[in-house]
Amino acid sequence: DAGVTQSPTHLIKTRGQHVTLRCSPISGHKSVSWYQQVLGQGPQFIFQYYEKEERGRGNFPDRFSARQFPNYSSELNVNALLLGDSALYLCASSLQPAHSTDTQYFGPGTRLTVL
Amino acid sequence: DQQVKQNSPSLSVQEGRISILNCDYTNSMFDYFLWYKKYPAEGPTFLISISSIKDKNEDGRFTVFLNKSAKHLSLHIVPSQPGDSAVYFCAASAGGSQGNLIFGKGTKLSVKP
């Protein structure tokens, strides 16, 4: 079975631009979470979606938004890009949301560079 | 403030010996803890987890110990192998939370042949 897939793998944008990152969860998983990992840090939670509804949001500005589709895939959108948005963006899927014993499985990530 | 702390940025161990990676947390609401391993240019790979109702969980060469009173957990790898060389992240979540994981900064393990 395929794991979590993300596209694109790498992306270069300039300040002020907009970016859309995509994620497909493991088959059967209905929850998708997004994390940002900057160099030297652990992943930081951005959003969690379940059944197309936002179930959790981390401490990120409104420039960050996301959505989940009926097939449980998800998009992360970032507007008005800043240099500090350069990071590895990770998508994780799990069977259910907000159940603390449900393991999240991560995709390979999208490396975003903002120039 | 960091709720999950991995105070050792790096650890070097000889092949065949034990690797011990440590993690401390401050939030007493955390009730589920996980370890992830990450190779360069890949996403984190789930390794092992432990619920707060247990103090030990074992899976092959990997054992996680939880000391709730000290708010401390550790990952033991025995015996260590060169393929274990990676960055290890400790993560925690709280029951009834929004499902998000709180990660430490990671410890880079190098296993030398």
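Residues numbered from 1 in each chain as written. Chains lettered and ligands numbered in written order. Predicted model: local features only at pLDDT ≥ 70, side-chain atom pairs only at ≥ 80, totals over all residues. Heavy atoms only, no water.

Novice: Whenever I open this one, the overall build of chain B confuses me. Can you help?
Specialist: The number of helices and strands found in chain B is 0 helices and 11 strands. For a compact globule of 113 residues, the expected C-alpha radius of gyration is about 13 Å, and chain B comes in at 13 Å, within 12% of that figure. Counting only C-alpha atoms, chain B reaches 45 × 30 × 20 Å along its principal axes. When the 113 residues of chain B are sorted by exposure, 46% land in the buried category. Here the contacts in chain B between residues at least 6 apart in sequence split such that 54% fall between residues at least 24 apart. Accessible surface, chain B as shown: approximately 5400 Å² in total, 49% of it carbon and sulfur. Averaged over its 12 positive side-chain charges, chain B has a centre that lies 4 Å from the centre of its 9 negative ones. (Helix = DSSP H or I, 4+ residues; strand = E, 2+ residues; numbered from the N terminus. Rg over C-alpha atoms; globule rule 2.2 N^0.38 Å. Buried < 20%, exposed > 50% of the residue type's maximum accessible area, 1.4 Å probe, protein only. Contact = heavy atoms within 4.5 Å. Areas by Shrake-Rupley, 256 points an atom, 1.4 Å probe, with all protein chains shown as cover. Lys, Arg positive; Asp, Glu negative; His and termini not counted. Charge placed at Lys NZ, Arg CZ, Asp CG, Glu CD.)

Novice: I keep staring at the sheet that holds strand β8 (residues 72-77) of chain B and nothing clicks. Help me out?
Specialist: Strands pair in a sheet through their backbones, by hydrogen bonds, and they do so in one of two ways: parallel or antiparallel. All names here are of chain B. Strand order in the open sheet formed by 5 strands is β1-β3-β8-β7-β6, and the pairing between neighbours is antiparallel. Lying at the two open borders of the sheet, with one neighbouring strand each, are β1 (4-5) and β6 (56-59). Direction of pairing for β1 relative to strand β3 (residues 19-25): antiparallel, over a ladder of 2 bridges. Bridged to Lys5 within β3 is Asp24. (Pairing = 2+ DSSP bridges.)

Novice: How should I be thinking about the sheet that holds strand β8 (residues 74-78) of chain A in this particular structure?
Specialist: Residue and element names in this part refer to chain A. Pairing is antiparallel across the open sheet formed by 4 strands, whose spatial order is β1-β3-β8-β7. Each end of this open sheet is capped by a strand with a single partner; those strands are β1 (5-7) and β7 (64-68). The sheet shows a mean angle of 20 degrees between the axes of neighbouring strands, direction not considered. When β1 meets strand β3 (residues 19-24), the two strands line up antiparallel, connected through 3 bridges. In the strand pairing of β3, Ser7 is matched with Arg22. (Axes fitted to C-alpha atoms, helices over the stretch in contact; angles between N-to-C directions.)

Novice: Teacher, can you tell me more about the nonpolar core here?
Specialist: The tendency in soluble globular proteins is for nonpolar side chains to be buried side by side. The biggest cluster of nonpolar side chains holds 24 residues, and the ones touching the most others in it are Phe33, Trp35, Leu73, Leu75 and Tyr88 of chain B. For this core, the secondary-structure elements that each account for two or more residues are β3, β4 (30-38), β5 (45-51), β7 (62-67), β8, β9 (86-94) and β11 (107-112) of chain B. Looking at this core, the element that brings in the most residues is β9 of chain B, giving 5 residues. Residues Leu11, Ile26, Val78 and Ala87 of chain A belong to the second largest nonpolar core, which totals 22 residues. (Core = buried A, V, L, I, M, F, W, Y, C linked by side-chain atoms within 4.5 Å.)

Novice: Would you mind showing me how to read the pattern of salt bridges here?
Specialist: It is possible for side chains of opposite charge to pair when their charged atoms get near one another. Under the defined criterion, the tally for this structure stands at 8 salt bridges over all chains. Between Lys30 of chain A and Glu51 of chain A there is a salt bridge whose closest N-O contact spans 3.9 Å. With Lys30 of chain A in the loop between β3 and β4 (31-37) and Glu51 of chain A in the loop between β5 (44-50) and β6 (53-57), the pair connects residues that are 21 residues apart, well separated along the chain. Classification of Glu51 of chain A by relative accessible area gives partly exposed; the value is 31%. A salt bridge links Arg61 of chain B to Asp84 of chain B, with the shortest nitrogen-to-oxygen separation between them at 2.8 Å. Separated by 23 residues along the polypeptide, Arg61 of chain B in the loop between β6 and β7 and Asp84 of chain B in the loop between β8 and β9 bring together distant segments of the chain. (Salt bridge = Lys/Arg side-chain N within 4 Å of Asp/Glu carboxyl O.)

Novice: Is there a simple way to think about the interface of chain A and chain B in this case?
Specialist: The figure often quoted for interface size is the accessible area lost as the parts come together. Counting from both sides, the interface comprises 23 residues of chain A and, opposite them, 23 residues of chain B. Both faces considered, chain A and chain B share a buried interface measuring about 1700 Å² in area, 57% of it formed by carbon and sulfur atoms. Counting across the interface, chain A meets chain B through 3 residue pairs in polar contact (both at pLDDT 80 or more). Listing elements by their share of the side of chain A that touches chain B, those giving two or more residues are β4, β5, β6, β9 (87-94) and β10 (105-106) of chain A. A total of 3 residues in the side of chain A that touches chain B trace back to one element, the largest contributor, which is β6 of chain A. Of the residues belonging to the side of chain A that touches chain B, the class tally is 9 nonpolar, 11 polar and 3 charged. (Buried area = accessible area lost by both parts, 1.4 Å probe. Polar contact = N/O pair within 3.5 Å; in protein donor to acceptor, adjacent residues only side chain to side chain. Nonpolar A, V, L, I, M, F, W, Y, C, P; charged D, E, K, R; others polar.)

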